[in-house]
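A structural walkthrough
Residues per chain are reported as follows:
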Amino acid sequence: MKAIVIGGGIGGACAAIALKRFGIDTAVYEAVKEIKPVGAAISIWPNGVKCLNYLGMKEALRKLGGNMRFMAYKDYQQGKTMTRFSMDPLIQSVGEQPYPVARAELQSMLLDTYGRDRVQFGKRVTHVEESADSVTAWFEDGTSATGDLLIAADGTHSIIRQHVLGYATERRYAGYVNWNGLVEIDESIAPADQWTTFVGEGKRVSLMPVSGNRFYFFFDVPLPKGLPQDRTTVREDLQGYFAGWAEPVQKLISQINPETTNRVEIHDIEPFMQLVKGRIALLGDSGHSTTPDIGQGGCAAMEDAVVLANMLQTNSLGIEDALLRYQEKRAYRVKDLVLKARKRCDVTHGKEMAVTEQWYEDLKSETGERILSGMCETILGGPLE
Ligand code: FAD
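Only a predicted model underlies this, so the values are computations on that prediction, with no experimental measurement involved. In this convention, every chain numbers its residues from 1, walking through the sequence in written order. pLDDT decides what is reported in this predicted model: residues at 70 or higher carry local features, side-chain atom pairs at 80 or more are listed and counted, and totals for whole chains, interfaces and linings draw on all residues regardless. Computation of side-chain values covers all heavy atoms of the structure but excludes hydrogens and water.

1. Digging into the overall build of the protein chain
Cut-off, in case you're wondering: Here a helix means four or more residues in a row that DSSP labels H or I, a strand means two or more in a row labelled E, and each is numbered from the N terminus. In this description the radius of gyration comes from C-alpha coordinates, and the expected globular size is given by 2.2 Å times residues to the power 0.38. Residue exposure (1.4 Å probe, protein chains only): buried if accessible area is under 20% of the type maximum, exposed if over 50%, otherwise partly exposed. Only heavy atoms matter for contacts: two residues are in contact if any of them lie within 4.5 Å across the pair. Here the accessible surface of atoms and residues is derived via Shrake-Rupley with a 1.4 Å probe, and residues count as covered only by protein chains that are part of the display.
Check the secondary structure of the protein chain and you find 12 helices and 18 strands. Taken against the 2.2 N^0.38 rule, which gives 21 Å for 385 residues, the C-alpha radius of gyration of the protein chain at 21 Å falls within 12% of a compact globule. Projected onto the principal axes, the alpha-carbon positions of the protein chain cover approximately 65 × 45 × 40 Å. Within the protein chain, the proportion of its 385 residues that are buried is 57%. Contacts in the protein chain between residues far apart in sequence, at least 24 positions, make up 73% of those at least 6 positions apart. For the protein chain, the accessible surface area stands at approximately 16100 Å², while carbon and sulfur atoms represent 48% of it.

2. Topic: helix α8 (residues 247-255)
The test is simple: What the arc covers is the set of directions going from the helix axis to the C-beta atoms.
The set of residues buried in α8 consists of Pro-248, Val-249, Leu-252 and Ile-253. Buried positions in α8, seen along its axis, are confined to an arc of 140° and lie on one side of it. Lining the buried residues of α8 we find β12 (171-184), β13 (194-200), β14 (203-210), β15 (214-222) and α7 (234-241).

3. Quick look at the site of the ligand
Heads up, the rule is: Nearness here has a simple test: a residue counts as near a molecule or strand if at least one of its heavy atoms is within 4 Å of that partner. Two N or O atoms count as a polar contact when they lie within 3.5 Å, although within protein this holds only if one can serve as hydrogen donor and the other as acceptor, and sequence-adjacent residues are included solely when both atoms are side-chain atoms. Classification convention: Asp, Glu, Lys, Arg as charged; Ala, Val, Leu, Ile, Met, Phe, Trp, Tyr, Cys, Pro as nonpolar; all other residues, Gly among them, as polar.
Neighbouring the ligand are 28 residues; Gly-11, Glu-30, Ser-43, Arg-103 and Asp-285 lie closest to it. Within the contact set of the ligand, an oxygen atom lies 2.8 Å away from a backbone nitrogen or oxygen of Gly-11. Backbone polar atom of Gly-295 to a nitrogen atom of the ligand: 3.0 Å apart, as the coordinates give it. Within the complex, 86% of the 990 Å² of free accessible area of the ligand lies under protein. Secondary-structure elements contributing two or more residues to the shell around the ligand are α1 (10-21), β3 (41-44), β12 and α9 (297-314). For the shell around the ligand, a count of residues per class yields 9 nonpolar, 13 polar and 6 charged.

4. A short note on the pattern of salt bridges
For clarity, the cut-off: When a carboxyl oxygen of Asp or Glu is within 4 Å of a side-chain nitrogen of Lys or Arg, the pair counts as a salt bridge.
The final tally for this structure, using the stated rule, is 23 salt bridges. Here Arg-279 makes a salt bridge to Glu-320, at a shortest N to O gap of 3.7 Å. Of this pair, Arg-279 sits in the loop between β17 (276-277) and β18 (280-282) while Glu-320 is found in helix α10 (residues 319-348), placing the two residues 41 residues apart along the sequence. Looking at Arg-279, the relative accessible area reads 13%, which means it is buried.

5. A word on the sheet that holds β15
As a reminder of what qualifies: Only strands joined by at least two bridges in the DSSP assignment are considered to pair. Angles shown run from 0 to 180 degrees and are taken between the N-to-C directions of axes, each axis being a line fitted to C-alpha atoms and, for helices, limited to the stretch in contact.
Taken in spatial order, the 7 strands of this open sheet run β5-β4-β13-β14-β15-β12-β16, and their pairing is mixed. Every interior strand has two partners, whereas the edge strands, β5 (81-86) and β16 (262-269), have only one. Ignoring which end each strand starts from, the neighbouring axes of this sheet average 20° apart. Inspection of the sheet shows β14 paired to β15 by 7 bridges, in the antiparallel sense. Residue pairing in the sheet places Val-210 in a bridge with Arg-214 of β15.

6. With respect to the sheet that holds strand β1 (residues 2-6)
Read across the open sheet, the 6 strands follow the order β7-β2-β1-β11-β18-β17; overall the sheet is mixed. If you trace the sheet from one side to the other, it starts and ends with β7 (119-120) and β17, each paired once. Alignment of strand β2 (residues 25-29) against β7, held across 2 bridges, turns out to be parallel. From the neighbouring strand, Tyr-29 faces β7, where its bridge partner is Gln-120.

7. With respect to the pairing of β1
Counting buried positions along β1 gives 4 out of 5 residues, so the element sits mostly inside the fold. The pairing of β1 with β2 spans 5 bridges and is parallel. Counted as the bridge partner of Ile-4 is Ala-27 from β2.

8. A few points about the nonpolar core
What counts, and what does not: Note on terminology: a nonpolar core comprises buried Ala, Val, Leu, Ile, Met, Phe, Trp, Tyr and Cys residues joined through side-chain atoms within 4.5 Å.
By size, the foremost hydrophobic cluster in this structure holds 101 residues, and its most contacted members are Ile-44, Trp-45, Leu-52, Leu-106, Leu-110 and Leu-150. Each residue touching Leu-106, except ones within four places of it in the same chain, is listed here: Ile-10, Ile-42, Ile-44, Leu-52, Leu-64, Val-101 and Met-302. Ranked by size, the runner-up nonpolar core spans 24 residues in total, among them Val-177, Ile-185, Leu-207 and Phe-219.

9. Thoughts on the packing of α10 against helix α12 (residues 369-380)
This is how the line gets drawn: Angle categories are assigned with fixed cut-offs, so that under 35 degrees is roughly parallel, over 145 is roughly antiparallel, 65 to 115 is roughly perpendicular, and the rest are oblique. By definition, any crossing whose near helix is turned counterclockwise from its far helix by less than a right angle is left-handed, and any crossing with a clockwise turn is right-handed.
Where α10 contacts α12, the axes come no closer than 11 Å and their chain directions differ by 155°. Considering the angle they form, α10 stands roughly antiparallel to α12. As α10 packs across α12, the resulting crossing turns out to be left-handed. Across from Arg-333, Leu-337 and Lys-340 in α10, the residues of α12 making contact are Glu-377, Thr-378 and Ile-379. Residues of the contact of α10 with α12, tallied by class, amount to 2 nonpolar, 1 polar and 3 charged.

10. Considerations on the environment of Leu-312
Structurally, Leu-312 can be placed in helix α9. For Leu-312, a relative accessible area of 7% corresponds to the buried category. When the C-alpha atoms of Leu-312 and Tyr-326 are compared, they prove to be 8.7 Å apart, with 14 residues separating the residues in sequence. Excluding anything up to four places from it in sequence, Leu-312 contacts Met-1, Leu-19, Ile-24, Leu-149, Ala-322 and Leu-323.

11. Here's the deal with the side chain of Asn-178
Summarising the element assignment, Asn-178 is placed in strand β12. Within the local environment of Asn-178, its side chain forms a polar contact with the side chain of Asn-180, the two groups lying 2.9 Å apart. Here Asp-220 takes part through its side chain, which lies 3.0 Å from a polar atom of the side chain of Asn-178. Leaving out residues up to four positions away in the same chain, Asn-178 has contacts with Phe-218, Phe-219, Asp-220, Asn-262, Arg-263, Val-264 and Ile-266.

Following this line, the structure appears as structure tokens:
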């Protein structure tokens, strides 16, 4: 059996690793010459970590992961702690810890695990064709590749999605802009072992530890779509959006490197239940594009990879049957994640300011129990116990 994997991001790389581990012949085709992820870092929640463990990356991941033992929310003006609690009950309950990691390092780990030289870079798919017993991907350079099945891990702007669904989907602007990057840990801004989030005015500023004594930071601001982007004014822009915010936030803004700070307009796609057509499977953001508000997009791609490979390995009624079983297992799960993230997004970013203000009030009496139980439920919905 030969699988063609389109896209060498988190989803494509995990799928290729998973299939290779079951002895399935794979070839990965990636559009760009060098993968430059859109964000600086990513939090891999225990459901994603378990998938990477399962795929043989347990030790490698631990070296990249930040030591995130506590979680805290702070009020935006004074920087006063609204709630702070240990992540240990979550870890004890789900059996694994979360790992925030720098994206470039995650990407390197995945490609090294698969075999970087086995990825064909600079191969952009333009269209796909299916026959009764094979599927062919055509590339921009006029070449093609044929296999028994094709995994479309070509991201949120997937061109293969339309072939699978039979219609074009639209990305929905979620109403806010996210700036993210990495800075050296400074404990006068936030503790080194804590996920710290300042909240107010429907905005947030968050810091998570990653390895190498660095914080992954992000700033969220509700804004109209399509405002001009100018790297040279990032610091001034953030100073404006966060005027009057507490001293640690001002300090963080002064310490960021505008050259390496990313600005992303956050989108998702209305969930759909069809993830496969014949011998083609959508995987990762091509099949479910979510806002990052529960940090589950990449984790869901890891879950997809594990489930897809298991379906191909454990069933013997043919590829099309195995792909349908993959769809059956994944469609509700990923829809749920997208909708949960959308709901969190709206509360966090002041879609209805009264609801957001109530959330700020609730945080002041939060012991960690409610937040962690919501996280547990999401995590335990993954495919690996
Ligand atoms: P991608 O990473 O987009 O990879 C797709 C690949 O396909 C790319 O390399 C692209 O070049 C290639 N490609 C595209 N078109 C073609 C083509 N035609 N031919 C060949 N190759 C092609 N998730 C989490 O789990 N935790 C988080 O904390 C988190 N934080 C996030 C923060 C932000 C600001 C954002 C934007 C997202 C976040 N996510 C997070 C989501 C996560 O980044 C995505 O879900 C994940 O990257 C999806 O992986 P993917 O492989 O499906 O897609």
